[in-house]
Amino acid sequence: MPSDNHIKAAFSLIEDKTKILGLTIGIHENVQPGTRISRNEAQELPKLSFAGASPTTTYLIVSLDIDAPFPAFAILSPILHWIQSDVKVTSDATLKLDQPFVADYLSPAPPPISAPHRYLFFLYEQPEGFDFTAYAPAGGNNVSILNRIRYDLDAWAEEIELGPPVAFNYFTCN
């Protein structure tokens, strides 16, 4: 599976409660790692927060589904669900998303017959000089599904000189 290094590093972060990314989606507030959320309840863009965020740092968010099309047969994984750059933190630790996306948010849509998929949310310090326009589709268009399948986060992270994740969370959905 592509992106194995960043995924392993991210899962190790949740052992430290201070590294869990605050996640609210739909009616679910303060989602704990692994919480099960129905597909219908997970359609909205999530609200994220991180108490350990610095007001002087710019962050980048990445979201992946690592179980497509089925957890036992994840040949299409990971699927890129979202990249948001130029994220700042507000005084209440909420992550402010007021810039254009790099990859638009794709809400969860596991096949109806599938076991739950894991939807991961990574928070990174954005590399200095990162220019989202070099990676985002022209004109603010949505990213095609073909550019999301088997997304290699490790290769992209190396290309843009992205460090390790600073916070992480995930939910399961079917």
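To be clear, the structure that these remarks concern was listed above.
Below is a short write-up of the structure. (Residues numbered from 1 in each chain as written. Predicted model: local features only at pLDDT ≥ 70, side-chain atom pairs only at ≥ 80, totals over all residues. Heavy atoms only, no water.)

Details of the packing of aromatic side chains
Next, step 1: For the structure on display, the rule yields eleven aromatic pairs.
Next, step 2: Geometrically, the ring pair formed by phenylalanine 122 and tyrosine 124 is stacked, given 6.0 Å between the ring centres and 15° between the ring planes.
Next, step 3: Look at tyrosine 124 and you get buried, because its relative accessible area is 0%.
Next, step 4: Aromatic pair tyrosine 135 and tryptophan 156: ring centres 5.6 Å apart, planes at 85°, arrangement edge-to-face. You can see tyrosine 135 sitting in the loop between strand S8 (117–125) and helix H2 (153–160) and its partner tryptophan 156 sitting in helix H2, a full 21 residues away along the chain.
Next, step 5: Accessibility expressed as a relative area gives 30% for tyrosine 135, which makes it partly exposed.
Next, step 6: Each member of the aromatic cluster is reached from another via a ring pair, and the members are Phe11, Phe122, Tyr124, Phe168 and Tyr170. (Phe/Tyr/Trp six-rings, centres within 6.5 Å; stacked < 30°, edge-to-face > 60°. Buried < 20%, exposed > 50% of the residue type's maximum accessible area, 1.4 Å probe, protein only. Helix = DSSP H or I, 4+ residues; strand = E, 2+ residues; numbered from the N terminus.)

Observations regarding a nonpolar patch on the surface
Next, step 1: On the surface, a nonpolar cluster with roughly 270 Å² of combined accessible area is contributed by Phe73, Ile75 and Leu76.
Next, step 2: Mapped onto the secondary structure, leucine 76 falls in the loop between strand S4 (59–65) and strand S5 (79–89).
Next, step 3: Classification of leucine 76 as partly exposed rests on a relative accessible area of 31%. (Patch = residues over 30% accessible without salt bridge, like charges linked within 9 Å, V, L, I, M, F, W, Y side chains within 5 Å. Areas by Shrake-Rupley, 256 points an atom, 1.4 Å probe, with all protein chains shown as cover. Salt bridge = Lys/Arg side-chain N within 4 Å of Asp/Glu carboxyl O.)

With respect to the environment of proline 108
Next, step 1: Inspection of the secondary structure assignment puts proline 108 in the loop between strand S7 (101–103) and S8.
Next, step 2: As for proline 108 and alanine 136, which are separated by 28 residues in sequence, their C-alpha atoms are 21 Å apart.
Next, step 3: Discounting residues that sit within four places of it in the chain, proline 108 has contacts with Arg39, Ala42, Gln43, His81, Tyr119, Phe171 and Cys173. (Contact = heavy atoms within 4.5 Å.)

Focus on the pattern of salt bridges
Next, step 1: Counted under the stated rule, the structure contains four salt bridges.
Next, step 2: Across the salt bridge formed by lysine 96 and aspartate 98, the nearest N and O atoms sit 3.7 Å from each other.
Next, step 3: The partner of aspartate 104 in a salt bridge is arginine 148, with the nearest N and O atoms 2.7 Å apart. Residue aspartate 104 is found in the loop between S7 and S8, and its partner arginine 148 is found in the loop between S8 and H2; the two are separated by 44 residues along the sequence. Pair check on accessibility: aspartate 104 and arginine 148 agree, each one buried.

A closer look at the pairing of S4
Consecutive side chains along a regular strand alternate between the two faces of the sheet.
Next, step 1: Most of S4 sits inside the fold, with seven of its seven residues counted as buried.
Next, step 2: Every second residue of S4 is oriented toward a common face, with Tyr59, Ile61, Ser63 and Asp65 on one face and Leu60, Val62 and Leu64 on the other, all of them buried.
Next, step 3: As defined by bridge partners, S4 adjoins S5 across six bridges and the pair is classed as antiparallel. The partner of tyrosine 59 across the bridge, within S5, is valine 87.
Next, step 4: Relative to S8, S4 is paired through seven bridges, and the arrangement is antiparallel. Note that in S8 the partner of leucine 60 across the bridge is tyrosine 124. (Pairing = 2+ DSSP bridges.)

Details of the packing of helix H1 (residues 4–13) against H2
Next, step 1: Running from amino to carboxyl end, H1 crosses H2 at an angle of 95°, the nearest separation of the two axes being 6 Å. The orientation of H1 relative to H2 falls into the category roughly perpendicular. Contacts between H1 and H2 pair Asp4, Asn5 and His6 from the former with Leu153, Asp154 and Ala157 from the latter.
Next, step 2: Among the residues making up the contact of H1 with H2, the classes are represented as two nonpolar, two polar and two charged. (Axes fitted to C-alpha atoms, helices over the stretch in contact; angles between N-to-C directions. Parallel < 35°, antiparallel > 145°, perpendicular 65-115°, else oblique. Nonpolar A, V, L, I, M, F, W, Y, C, P; charged D, E, K, R; others polar.)

Topic: H1
Next, step 1: Where H1 is concerned, the buried positions are His6, Ile7, Ala10 and Leu13. For H1, the arc enclosing every buried residue in end-on projection is 115°, short of the 170-degree limit, so these residues lie on one face. The outward face of H1, more than 90 degrees from its buried face, is lined by the exposed residues Asn5 and Lys8. (Arc of directions from axis to C-beta.)

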